[in-house]
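Single-letter residue listing:
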Amino acid sequence: MNRDKSNLFNKNNWCGLIISESAQKRILYLIENKPNILGLRLDIKKSGCAGFIYVLTTVLQENKDDLIYENNGAKFFIKKDIMPLIDGTKVDYVQEGLNYMFKFKNPKAQNFCGCGISFSL
């Protein structure tokens, strides 16, 4: 699929980040247990067999260039430069077997590795 890359960086076209109710509850739980946490930072980095992985870290202080997506007090902080790569992503918090984890449904992701951790754009 051939995409016009210039449109990726036009913030007027951004859909944003969608935070599910279960992800919202998990973030609020983290904040309740450590009140100095403002929310979670969603980032991506080059890694894995497909190209990119999602990285979540806690946020103690907002950066001036952060984009903030909020659902009833649960906040995700995102650097502007990665927004074009994750725009429209739905963040969920799910149970798989005995494990609980954040899951990402990124409409821009084209391929996934066999283990489902890394993706390509």
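Anything mentioned here points back to the structure above.
Quick caveat, the model's predicted, so the values are computed rather than measured.

A. Representation of the pattern of salt bridges. According to the stated counting rule, one finds four salt bridges in the structure shown. In this structure, K25 engages E21 in a salt bridge whose closest nitrogen and oxygen atoms are separated by 3.2 Å. With a gap of four residues between them, K25 and E21 both fall in helix α1 (residues 21–33), about one helical turn apart. A salt bridge links D66 to R41; its shortest N-O distance comes to 2.8 Å. With a gap of 25 residues between them, D66 in strand β4 (residues 66–71) and R41 in strand β2 (residues 39–47) connect regions that are remote in the sequence. Like R41, D66 is buried.

B. Just the pairing of strand β7 (residues 99–105), in detail. Bridge count between strand β6 (residues 90–96) and β7: seven bridges; the pairing is antiparallel. Each residue of the ladder has a partner; that of K90, found in β7, is K105. Between β6 and β7, which pair antiparallel one after the other, the connecting turn spans two residues, and G97 there sits at a positive phi close to 65°.

C. Spotlight on the packing of aromatic side chains. A full pass over the atoms with the stated rule returns four aromatic pairs. Ring centres of Y54 and F104 lie 4.2 Å apart, and the angle between their planes is 25°; on these two criteria the pair is classed as stacked. With a gap of 50 residues between them, Y54 in strand β3 (residues 51–59) and F104 in strand β7 connect regions that are remote in the sequence. Y54 gets classed as buried once you look at its relative accessible area, which sits at 16%. Grouping aromatic residues by their ring pairs yields a cluster made of F76, Y93, Y100 and F102.

Criteria and thresholds
- Throughout this description, residue numbers start from 1 for each chain and increase along the sequence as written.
- Local features in this predicted model are restricted to residues of pLDDT 70 or higher, and side-chain atom pairs are both shown and tallied only at a pLDDT of 80 or more, whereas totals for entire chains, interfaces and linings draw on every residue.
- Note: side-chain values were computed over all heavy atoms of the structure, leaving out hydrogens and water.
- Each salt bridge in this description consists of a side-chain nitrogen of Lys or Arg and a carboxyl oxygen of Asp or Glu lying within 4 Å of one another.
- Numbering of helices and strands runs from the N terminus; a helix is a DSSP stretch of H or I covering at least four residues, while a strand is a stretch of E covering at least two.
- Exposure classes here rest on a 1.4 Å probe applied to the protein chains alone. A residue is buried below 20% of its type maximum, exposed above 50%, and partly exposed in between.
- By this definition, two strands are paired if DSSP reports at least two bridges between them.
- Each Phe, Tyr or Trp ring (for Trp, its six-membered ring) is paired with any other whose centre lies within 6.5 Å, and the angle between the two planes then decides the class: stacked below 30 degrees, edge-to-face above 60, tilted in between.

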